[in-house]
Amino acid sequence: MAIIHRTTMTPTKLEHLASWLPTQPWYLGTGRTPALSKSGGFRLDDPEGEVGIEFMVATDDSGDRPVSYHVPLSYRAAPLEGAEQGLIGTSEHGVLGQRWIYDGTHDPVLVAQLLELLQDRAEPQAQSLTDTPDPSVVVHFTGTGVAGGVLSTTVTNGPHDTRLTVDTAASAPARRLVLQVKRVLQPGDTSPADASGHVTAGWRSPDGGENRAVFALLHDTDS
């Protein structure tokens, strides 16, 4: 169970993201500093209780219209070996001390729990409350479950999403799956017919409106 501490982080998550987002291929702004606010999201628990897992919506209001980005984040007490490309930055947590913040698509713990969520085997948690399920996060799964862990993941960023090609340790046969993480959120976005699982969640627009869209999808591929 993740414990949500009412404390500070220095620098803040949004301060880190203001520098990191413009370096990503799916960022839509050009030539300006993002004006970010946290506008939604949810969490998952790490079964080992070591890694913080958050799926944040950060809305940039610096352009002609607000754009909302989905940023999976993982928080660790020490650097994650081999994940240097996914490091967003480090912050000093008021209770836990120094934390390493990663783009969660590069963190095997977050990827494994996202796969569990997409198979409706993990319970989404409220973003800012301890031990509180978030019923607004809805999972739809129609595929065949994967009975094994994640062996390896390849991360590919595109103009609107990040695709994770995941080889699993299922006993027989081995499975290769694609997790599609939506980055630029579009209100009302729905799941394509070829997806075997998807997660929808909500966020707020700067004018106070409520939005919902697909945050992540699961696709089967040939082994």
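Preceding block: the structure.
Draft legend 1. Highlighting the pattern of salt bridges. Enumeration over the complete set of coordinates arrives at 9 salt bridges. A salt bridge links Asp107 to Arg76, with the shortest nitrogen-to-oxygen separation between them at 2.7 Å. Of this pair, Asp107 sits in the loop between strand 6 (97-103) and helix 2 (108-118) while Arg76 is found in strand 4 (residues 67-76), placing the two residues 31 residues apart along the sequence. For the pair Asp107 and Arg76, a shared accessibility class is recorded, and that class is buried. In this structure, Arg176 engages Asp167 in a salt bridge whose closest nitrogen and oxygen atoms are separated by 2.7 Å. A relative accessible area of 35% places Arg176 in the partly exposed class. In this structure, a network of salt bridges that share partners links the residues Lys13, Arg43 and Glu54.

Draft legend 2. Fine view of the packing of aromatic side chains. For the coordinates displayed, the defined rule picks out 6 aromatic pairs. Between Phe42 and Phe55, the aromatic rings sit 4.9 Å apart at their centres with planes inclined by 15°, giving stacked as the arrangement. Separated by 13 residues along the polypeptide, Phe42 in strand 2 (residues 36-44) and Phe55 in strand 3 (residues 52-60) bring together distant segments of the chain. Note on Phe42: relative accessible area 1%, which makes it buried. Joined through ring pairs, the aromatic side chains of Trp20, Trp26, Tyr27 and Tyr69 make up one cluster.

Draft legend 3. Quick look at the environment of Glu84. Note that Glu84 resides in the loop between strand 4 and strand 5 (87-93). Classification of Glu84 as exposed rests on a relative accessible area of 58%. In the structure, Glu84 is positioned 18 residues away from Tyr102 in sequence and 8.7 Å away in space, judged by C-alpha atoms.

Draft legend 4. Spotlight on unusual backbone geometry. Omega for the peptide link from Thr10 to Pro11 comes to -5°, which places this bond in the cis form. By secondary structure assignment, the location of Pro11 is in the loop between strand 1 (9-10) and helix 1 (13-20). Non-glycine residue Asp120 carries a positive phi angle of around 60°. With respect to the element layout, Asp120 can be found in the loop between helix 2 and strand 7 (138-141). With a phi angle near 50°, Asp131 is a residue other than glycine that sits in the positive phi range. By secondary structure assignment, the location of Asp131 is in the loop between helix 2 and strand 7.

Draft legend 5. Region of the structure containing helix 2. Buried residues of helix 2: Leu110, Val111, Gln113, Leu114, Leu115, Leu117 and Leu118, and no others. Two to three positions downstream of the cap, the backbone nitrogen of Val109 sits 2.9 Å from a side-chain oxygen, assigning the N-cap of helix 2 to Asp107. Positive phi appears at Asp120, one or two residues downstream of helix 2, with a value of about 60°.

Draft legend 6. Examining the side chain of His16 more closely. Structurally, the position occupied by His16 is in helix 1. Accessibility expressed as a relative area gives 13% for His16, which makes it buried.

Draft legend 7. Examining helix 1 more closely. Of all the residues in helix 1, the buried ones are Lys13, His16, Leu17 and Trp20. Projected down its long axis, helix 1 shows its buried positions confined to an angular sector of 95°, all on one face.

Draft legend 8. Main features of the environment of Val146. Among the secondary structure elements, Val146 is positioned in the loop between strand 7 and strand 8 (150-157). As for Val146 and Glu116, which are separated by 30 residues in sequence, their C-alpha atoms are 8.8 Å apart.

Cut-offs used in this document
- Residues numbered from 1 in each chain as written.
- Predicted model: local features only at pLDDT ≥ 70, side-chain atom pairs only at ≥ 80, totals over all residues.
- Heavy atoms only, no water.
- Salt bridge = Lys/Arg side-chain N within 4 Å of Asp/Glu carboxyl O.
- Helix = DSSP H or I, 4+ residues; strand = E, 2+ residues; numbered from the N terminus.
- Buried < 20%, exposed > 50% of the residue type's maximum accessible area, 1.4 Å probe, protein only.
- Phe/Tyr/Trp six-rings, centres within 6.5 Å; stacked < 30°, edge-to-face > 60°.
- Polar contact = N/O pair within 3.5 Å; in protein donor to acceptor, adjacent residues only side chain to side chain.
- Arc of directions from axis to C-beta.

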